[in-house]
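Listed below are the residues making up each chain.
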Amino acid sequence: MTQMNMVQAITDALRLEMRRDPRVVVLGEDVGKVGGVFRVTQGLYDEFGEDRVIDTPLSEGGIIGAAIGMALYGLVPVPEIQFSDFIFPAYDQIVSELAKMRYRSGGEYVSKLVIRTPVGGGIRGGLYHSQSPESLFIHVSGLKVVCPSTPEDAKGLLLSAIRDPDPVLFFEPKRIYRASKGDVPEGDYTVPIGKARIAREGDDVTVLAWGAMLYEAMAAAEQASEQGVEAEIVDLRTLWPVDIDTIVESVKKTGRVVVVHEAPRTCGFGAELVSLVTERAFLHLEAPPVRVTGFDTPFPYTLEMDYLPLAHRILPALLETAKF
Amino acid sequence: MSVENSRELGLFRVLRDDHSQDPAVSVPDAVVLRAYREMRRLRILDAKMILLQRQGRVGFYGACTGQEAVPIGTALALEADDWVYPALREQSVMLVRGFPLTQFIAQVFGNSGDVQKGRQMPSHHSGRSVNQVSWSSNIGPQIMQAVGTAWAMKLQKKSSIAVGFMGDGATSQGDFHSAMNFAGVFKTPCVLICQNNHWSISVPTAKQTASATIAIKGLAYAVPSCRVDGNDLLAVYAAVKEAADDARAGKGTTFIECLTYRIGAHSTSDDPSRYRTDEEVESWKRKDPVDRLRNHLVHRGLLDDAKDAALEAELTDEVNEAVKVAEAFPAPSRESLFDDVYQELPWFLQEQKEELRRAPPAPSHGG
Ligand SMILES: Cc1ncc(C[n+]2csc(CCOP(=O)(O)OP(=O)(O)O)c2C)c(N)n1
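Asks: So what's going on with the overall build of chain B? Residues and values would help.
Replies: Along its length, chain B carries 13 helices and 7 strands. In terms of overall size, chain B behaves like a compact globule, its C-alpha atoms giving a radius of gyration of 21 Å where 367 residues would be expected to give roughly 21 Å. On the principal axes, the C-alpha backbone points of chain B span a range of 70 × 50 × 40 Å. Considering chain B as a whole, with its 367 residues, one finds that 49% of them fall into the buried category. Sequence-distant contacts, at least 24 apart, represent 75% of the contacts inside chain B between residues at least 6 apart.

Asks: Tell me about the interface of chain B and chain A, and please be specific about residues and values.
Replies: With 42 residues of chain B at the interface, the matching set in chain A holds 33 residues. Broken down by secondary-structure element, the contributors of at least two residues to the side of chain B that touches chain A are α7 (205-208) and α13 (347-358) of chain B. A breakdown of the residues in the side of chain B that touches chain A according to their chemical character gives 19 nonpolar, 19 polar and 4 charged.

Asks: So, the sheet that holds strand β1 (residues 83-85) of chain B: which residues are in play, and what are the values?
Replies: Residues and elements named next belong to chain B. As summarised here, the arrangement of the 5 strands in space is β1-β2-β3-β7-β6, forming an open sheet in which the pairing is parallel. Each of the sheet's edge strands pairs with one partner strand only, and the pair in question is β1 and β6 (225-229). Direction aside, the axes of adjacent strands within the sheet are offset by 20 degrees on average. The pairing of β1 with strand β2 (residues 162-167) spans 3 bridges and is parallel. From the neighbouring strand, Trp 83 faces β2, where its bridge partner is Ala 162. Across the sheet, helix α5 (residues 141-155) lies against β1, β2 and β3 (190-196), angled at about 170 degrees from β2, the strand it touches most. The strands touched by helix α6 (residues 174-186) within the sheet are β2, β3 and β7 (254-259), with β3 carrying the most contacts at an inclination of about 145 degrees.

Asks: I'd like a rundown of the sheet that holds strand β13 (residues 257-264) of chain A, residues and numbers included.
Replies: Residues and elements named next belong to chain A. Taken in spatial order, the 5 strands of this open sheet run β9-β11-β10-β13-β14, and their pairing is mixed. Only two strands of the sheet have a single neighbouring strand rather than two, namely β9 (197-200) and β14 (290-294). Each adjacent strand pair in this sheet contributes to an overall mean axis angle of 25 degrees, direction not counted. Across the face of the sheet, helix α8 (residues 213-226) comes into contact with β9, β10 (205-209), β11 (231-235) and β13 while running at roughly 170 degrees to β11. Relative to the sheet, helix α10 (residues 269-281) contacts β10, β13 and β14, its axis offset from that of β13 by approximately 160 degrees.

Asks: Any chance you could break down helix α7 (residues 151-163) of chain A for me, citing the residues and the numbers?
Replies: All names here are of chain A. Compared with the 18 Å implied by 1.5 Å per residue over 13 residues, the 19 Å span of α7 between its first and last C-alpha is a close match. The element α7 is extensively covered by neighbouring structure, given that 12 of its 13 residues are classed as buried. By the burial criterion, the buried members of α7 are Pro 151, Glu 152, Asp 153, Ala 154, Lys 155, Gly 156, Leu 157, Leu 158, Leu 159, Ser 160, Ala 161 and Ile 162.

Asks: Outline the site of the ligand, supporting the account with residue identities and numerical values.
Replies: Taken together, the neighbourhood of the ligand is formed by 22 residues, with A:Phe86, B:Ile139, B:Gly167, B:Gly169 and B:Ser200 sitting nearest. Nearby residues around the ligand are contributed by chains A and B. Split by residue class, the shell around the ligand holds 8 nonpolar, 9 polar and 5 charged.

Asks: Run through the confidence of the model for chain B, naming residues and quoting values.
Replies: When pLDDT is averaged along chain B, the result is 96, and 98% of the positions lie at 70 or above. With a pTM of 0.97, the predicted complex shows an ipTM of 0.96.

Asks: Tell me about the packing of helix α1 (residues 29-54) of chain B against helix α12 (residues 305-327) of chain B, and please be specific about residues and values.
Replies: Residue and element names in this part refer to chain B. Axis separation between α1 and α12 bottoms out at 9 Å; the angle between their running directions is 50 degrees. Considering their axes alone, α1 and α12 lie oblique with respect to each other. With respect to the hand of their crossing, α1 and α12 are arranged in right-handed fashion. Residues Arg 37, Arg 40, Arg 41, Ile 44, Leu 45 and Lys 48 of α1 touch α12, and the partners they reach there are Leu 311, Glu 312, Leu 315, Thr 316, Val 319 and Val 323. Split by residue class, the contact of α1 with α12 holds 6 nonpolar, 1 polar and 5 charged.

Asks: Could you give an account of the nonpolar core, with specific residues and numbers?
Replies: Of all hydrophobic cores here, the largest spans 115 residues; its most connected members are A:Val146, A:Val207, A:Ala217, A:Val258 and A:Leu318. Ignoring sequence-local partners within four residues, the contact set of A:Val258 consists of A:Val205, A:Val207, A:Val290, A:Val292, A:Ala317, A:Leu318 and A:Thr321. Ranked by size, the runner-up nonpolar core spans 93 residues in total, among them B:Ala63, B:Ala87, B:Val108 and B:Ala238.

Asks: Report on the domain arrangement of chain A, specifying residues and quantitative values.
Replies: All names here are of chain A. Looking at the assigned domains, one finds that chain A contains domain 1 (2-184) and domain 2 (197-323). Here domain 1 and domain 2 have C-alpha centroids that lie 26 Å from each other. Across the boundary between the two partners, domain 1 contributes 25 residues, which contact 22 residues of domain 2. Broken down by secondary-structure element, the contributors of at least two residues to the side of domain 1 that touches domain 2 are α6 (134-138), β6 (144-146), α7 and β7 (168-173). The residue inventory of the side of domain 1 that touches domain 2, partitioned by class, reads 11 nonpolar, 9 polar and 5 charged.

Asks: Break down the domain arrangement of chain B for me, with residues and values.
Replies: Split into domains, chain B comes out as domain 1 (3-332) and domain 2 (335-367). Taken over C-alpha atoms, the centre of domain 1 of chain B sits 36 Å from the centre of domain 2 of chain B.

Asks: Any details on unusual backbone geometry? Residues and values, ideally.
Replies: Residues other than glycine predominantly adopt negative phi, and peptide bonds predominantly adopt the trans conformation. Omega for the peptide link from A:Trp240 to A:Pro241 comes to 0 degrees, which places this bond in the cis form. With respect to the helices, strands and loops of the structure, A:Pro241 is situated in the loop between β12 (238-240) and α9 (244-254). Even without a glycine there, the phi angle at B:Lys157 is positive, about 55 degrees. Along the polypeptide, B:Lys157 turns up in the loop between α5 and β2. You will see that B:His198, though not glycine, has its phi angle at about 75 degrees, which is positive.

Asks: Describe the environment of B:Leu337, listing the residues and the values that go with them.
Replies: If you trace the backbone, B:Leu337 turns up in the loop between α12 and α13. Owing to 25 C-beta atoms within 10 Å, B:Leu337 belongs among the buried residues under this scheme. With 127 residues separating them in the primary sequence, B:Leu337 and B:Ala210 have C-alpha atoms 45 Å apart. If near-sequence neighbours (up to four positions away) are discounted, B:Leu337 is found in contact with A:Phe295, A:Thr297, A:Pro300, A:Leu303, A:Asp306, A:Tyr307 and B:Leu356.

Asks: How would you explain the pairing of β13(A) if you had to name every residue and give the values?
Replies: Along any regular strand, the residues point their side chains to alternate faces of the sheet. Residues and elements named next belong to chain A. Of all 8 residues that make up β13, 8 are buried, and the element is covered over most of its length. Direction of pairing for β13 relative to β14: parallel, over a ladder of 5 bridges. Note on β14: the bridge partner recorded for His 261 is Thr 293. Regarding topology, α10 serves as the crossover connection from β13 to the parallel β14, and that connection is right-handed.

The rules behind these values
- Per chain, residue numbering runs from 1 following the sequence as it is written.
- To label them, take the chains in the order written and letter them from A, then take the ligands in the order written and number them from 1.
- Reporting of local features is limited, given that this is a predicted model, to residues whose pLDDT is at least 70; pairs of side-chain atoms are given and counted only at 80 or more, and all residues count toward the totals for whole chains, interfaces and linings.
- Strands are runs of DSSP state E lasting at least 2 residues, helices are runs of H or I lasting at least 4, and numbering of each runs from the N terminus.
- In this description the radius of gyration comes from C-alpha coordinates, and the expected globular size is given by 2.2 Å times residues to the power 0.38.
- Counting other C-beta atoms within 10 Å of its own, a residue is labelled buried from 20 upward, exposed at 12 or fewer, and partly exposed in the gap between, with every C-beta atom placed from the backbone.
- We call two residues in contact whenever the C-beta atoms placed from their backbones are within 7 Å.
- When residues are sorted by character, Ala, Val, Leu, Ile, Met, Phe, Trp, Tyr, Cys and Pro go into the nonpolar class, Asp, Glu, Lys and Arg into the charged class, and all the rest, Gly among them, into the polar class.
- When DSSP finds two or more bridges between two strands, those strands count as paired.
- Every angle, taken between N-to-C directions, lies between 0 and 180 degrees, and every axis is a line fitted to C-alpha atoms, over only the stretch in contact when it is a helix.
- Residue count minus one, scaled by 1.5 Å, sets the expected span of a helix.
- In this text, near has one meaning. A residue is near a molecule or strand if its C-beta atom, placed using the backbone, is within 6 Å of it.
- pLDDT runs from 0 to 100 and stands for how confident the predictor is about each residue.
- Should an angle fall under 35 degrees it is taken as roughly parallel, and over 145 as roughly antiparallel, whereas 65 to 115 is taken as roughly perpendicular and any remaining angle as oblique.
- For any helix crossing, the convention is left-handed if the near helix is rotated counterclockwise from the far helix by under a right angle, and right-handed if that rotation is clockwise.
- By convention the nonpolar core is taken to be a set of buried residues drawn from Ala, Val, Leu, Ile, Met, Phe, Trp, Tyr and Cys and joined through C-beta atoms within 7 Å.
- Each domain's limits were defined by an automated method or a database of domain assignments.
- Whether a crossover is right-handed comes down to one check: with the strands pointing away from the viewer, does the path from the first strand over the helix to the second run clockwise; if it does, it is right-handed.

Here's what the structure looks like:
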């Protein structure tokens, strides 16, 4: 075990897999010499050279389109999109091409790649360095979507994602890139895609969270505990395909569910989670499901702490739902 | 015409190494003096904003140090009715066109003195009063929008033009190619200006494009293009003026590559020592656009050391005073979060506004 932050854990996973599998290539803006604007690919250029750690021209459509073509021919590209806000010039390549390649070719062609991209707010990034676009990709059949909240999970999930047979969007919560520290196993291990983690046990209310908001939910749960409410926190880890069994089991136990996410509420992933829970555990529910989310506005600059569903907004939701 | 002298591959310069100028180009005294004042003020302003960022008083800043001649020269070549679409390093165009400095700085603070109500990151200014539309943060989209505005001007038979700015990195985006193509096909009254400052964060221009120059790309779109010394205020002014005149005369769009250099970091989040050498930076400091203009003004008899020192003191006071006023504005009210999403507040935002009112106060940054 080594103490690492999430950036170091992800670098570790990339290095390990690039050593193990010569087909793996990293490409993106500033990923080479400088090691990425968040330093996630630091050291890889020196070790693997410019043919495997590639600084591209400034074109997200170009990066993802090229990665798709590389993948069709047998490479395993791990492109980086510098901020998930800048993924939209590549949205056509991802939605129209990447997600549908296996299906439209009758399974003959698969474009297996992992798109890594920092996600989320709380870093004074304003409208375009803060967004959480996960639901825009979950809605598209054919993509898997992952978002770790701990260094250990980040490494294990990225290794799984690179070895997974399907394209994966790997969202990295940048607010906790360096703030989340923890023991990370050395060497090769995987955290399975599609398996959630119970981050805190409790009997009174289930909280579904991921990424940076996991820590806000944990903080709110500790405060709720002082008032006699024990929350069970499920860290989804994989958003899609989500671990439905763990969620339903927890909700059947607590009878109550609160979903937390940074993205705006309307058509956010919380909407899908609430539907899934309602369909499967309707008779166990003792309170209406609640969403604590970003508001249905663009992501603001100055008022971002008011916008985000931080502990101060999660706590009242836990208490009210538990006492409903 | 030899290849080196072609508009797309050569380099249009007016200022000479001995501080004199090419006599074929004339730029009035009033324009060069105004340009010098604006460039000096911009340099002081940028330094001040970076200082405030280091002190934690503002969240971010993208300076244009070393590139001042391009936004200032362009601004002075435009008419009031023209529209401007900047990228990261051309916010200052609006200052030259009459936007108040205090409001400009309030945008950097993101407080209630900001016309944008603190919605955007610093260095994303806009102002309806001076026909300037902010870039989003996304590299590229504004180029196409500038062409669209110019097109509307043409369709409405206006004599105004639109200017769209971009960095060298932006020329790799699809929007650049769409913009150039539309500009060529529809002959829109537009001036598209690329500030080739040699770097897109850590990626050098040579890795951005295999073309000999950026200006040469215009040939393929039948958009007249030229390459200009972007650290030569007179050259920038003359080139933009000619391009603007052409656009007004119905000759369509001109694409101008301004060769310059980003002296500072990409932004306050960047450490350029990781990817470029001090020697390279030093060699460009010797071609500093402010110094070159100052030397020219002295040569022309329009400036001396005493006047220059007085100007420096005056502009420093002006900037410091504006910072004081701008910083004093309160933050935007938290209810204002919901304004301007739509013209009217729909039911779901009304509900969410109530929800925010009931919520306990949010923690401050880092808290
Ligand atoms: C679509 C998009 N991709 C990536 C980024 C991140 N980014 C911000 S500035 C920048 C480099 C821009 O280079 P250039 O266009 O040359 O302008 P400069 O900053 O040098 O003025 C990058 C990659 C972004 N803002 N938008």
